[in-house]
Amino acid sequence: MLLYKCRWSIRIRQRSGRIRATARRSTVSGTNGEGLSHAAAASGCPYDGSAGAGNLEITSYREVEEILARPQQFSLADTKGDSEEFARGTVVGLEGGDHRQRRRLLAKIVDISQPWGPRGSLLTELFEGLIAPLRERAAGGETVHFDLIPFARQVYGRMAAALIGIDGVDSAERLERLESFMTPIIGGLTAEFTLRDLAAITRESRAARQGLKAEFFDASLSRRAAAIKQGGEDAERLPGDLITQLLSSPDGGFDEDAIFRECVVLFAASVNNPVSQIANCVNELSGWLAVNPSEAHRLDDDAFLNDVVRETLRLHRTGNPYLLRAVLEDVELSTGRHLKAGERVALHVGPANRDPEIFGETASQFDPLRAVSAPRVKPFGLAFGGGPHACLGRPLVYWERGDPPALGYLARLLKCLLTERVAVGDPARHSKQSQHAGDRFSAFDVTIAG
Ligand code: HEM
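What you see is a predicted model, and the numbers here were worked out from it, not measured in a lab. (Residues numbered from 1 in each chain as written. Predicted model: local features only at pLDDT ≥ 70, side-chain atom pairs only at ≥ 80, totals over all residues.)

A. Highlighting the confidence of the model for the protein chain. Overall, the prediction assigns the protein chain a mean pLDDT of 85, with 86% of residues at 70 or greater. pLDDT under 50 marks residues 1-33. Its contacts with residues more than four places away, or in other chains, come to 127 contacts. pLDDT under 50 marks residues 35-53. Its contacts with residues more than four places away, or in other chains, come to 59 contacts. (pLDDT = per-residue confidence, 0-100. Contact = placed C-beta atoms within 7 Å.)

Following this line, the structure appears as structure tokens:
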């Protein structure tokens, strides 16, 4: 059981409906789960108004929701000016009919029955391989501490490699090597979120792309292309990963470069958020159980684990604190707010998801038993964004239909940890990244006892 209480929740003062200004190219670097970015620790806090002028900040739930749902007037692709070289032609760089078509093609890789899907066994297998040596050490009677962040990175990083179709990511060292290329690459892909020198970012990103192609991508692509050409059993044995899907797309419209670009975007999108959120799930659950010990019986119930996940996702925004949109024409929102063509809006999902007008007076508290009754509002709020660019990976991360034994990335790993009686360790060993990096632990100590 997860018994230790330790709350790090950032208390963001609600500024419902208010717009403030932040820097046009924001104060962040690195990567996050949506292919956005880690914030630089030394940068100005987007919530204290010190970040400079440029983007208009929107924090009310209904306004964020409305903007995301109006892609004709608010574009994600048009925010990609600084990263155009890398985002062009990918799912985050397309709009309208082309974007819809791409999403349909990509939908297959997030199918429930894929090995990495909610019904698949990949996560459990990876977990077993990683926990076994720790369990063995603990069997001698020793309480073994380990850091949940790199542990979860091994799980979700290898899941991402499988989903994309990158072969040979079968050890901690290989994953580290892959990520050493990905970090600068994603820096290029998300250049609009950094104040670093654009030319340096582009240079580093181009070099890393060459390395990634040579060491990981080319061989993975060739293997699949050869199997598809050969047909028969070889082709049938291919998994339904991204590379395979794009290579065998009916319109045949993907050249090697287009496939590579989409792979990079998908990898960027799929690792960091789940890694950070599993630590938030464990932390929140442990704190809640410390206050509500009589509810511990719920831990056996998968539906309850899903409730823990959706409430954690609502409360914690682990990516860059906001989503960016470019205003394409003069617009009046249903709240009466006017926005002008050419402006950029920073949509603050964190405060929006704690909007008391939607989630009530207890909006900032973790309550997995919360009933959300506001119309059109999902229990996880806007954690996965909204509108046409809403998170493609949502069915992988959070499988809400309750058809056991299917479970999403987060509830599945939470269940594995609970089954092994992994508990929160020493809070002094936890550490958190800057608030500007989103709401995330960089180290989270847990224990496994003999
Ligand atoms: C806790 C986990 C995750 C969270 C909270 C999350 C959140 C989000 C959010 C908020 C967006 C919208 C960005 C925007 O509108 O600007 C997004 C987009 C996206 N996410 Fe996720 N994500 C998660 C995991 C994943 C995973 C595992 C995948 C892997 C398939 C994934 C793939 C994507 C893709 C491809 C997009 C871009 C979609 C598009 O532009 O059409 N995400 N995600």
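What follows continues from the structure just given.
B. Structural detail: the environment of Phe-86. Note on placement: Phe-86 falls in helix α2 (residues 84-87). It is 9.0 Å that separates the C-alpha atoms of Phe-86 and Val-265, two residues lying 179 residues apart in sequence. In contact with Phe-86, not counting residues within four places along its chain, are Gly-188, Leu-189, Ser-205 and Arg-261. (Helix = DSSP H or I, 4+ residues; strand = E, 2+ residues; numbered from the N terminus.)

C. View of the nonpolar core. Grouped together as the largest cluster of nonpolar side chains are 106 residues, with contacts concentrated most on Ile-164, Cys-263, Ile-278, Leu-347, Leu-410 and Leu-413. A total of 12 residues in this core trace back to one element, the largest contributor, which is helix α5 (residues 148-164). For Cys-263, the contacting residues outside a window of four places in its chain are Ile-164, Phe-217, Leu-242 and Ile-243. (Core = buried A, V, L, I, M, F, W, Y, C linked by C-beta atoms within 7 Å. Buried ≥ 20, exposed ≤ 12 C-beta atoms within 10 Å, placed from the backbone.)

D. Structural context of the site of the ligand. Around the ligand sit 24 residues in total, of which Ser-270, Asn-273, Gly-385, Cys-391 and Gly-393 are the nearest. Counting residues per element, the ones that place at least two in the shell around the ligand are α10 (256-270), α11 (272-291) and α15 (394-397). Looking at the shell around the ligand residue by residue, the class counts come to 15 nonpolar, 7 polar and 2 charged. (Near = placed C-beta within 6 Å. Nonpolar A, V, L, I, M, F, W, Y, C, P; charged D, E, K, R; others polar.)

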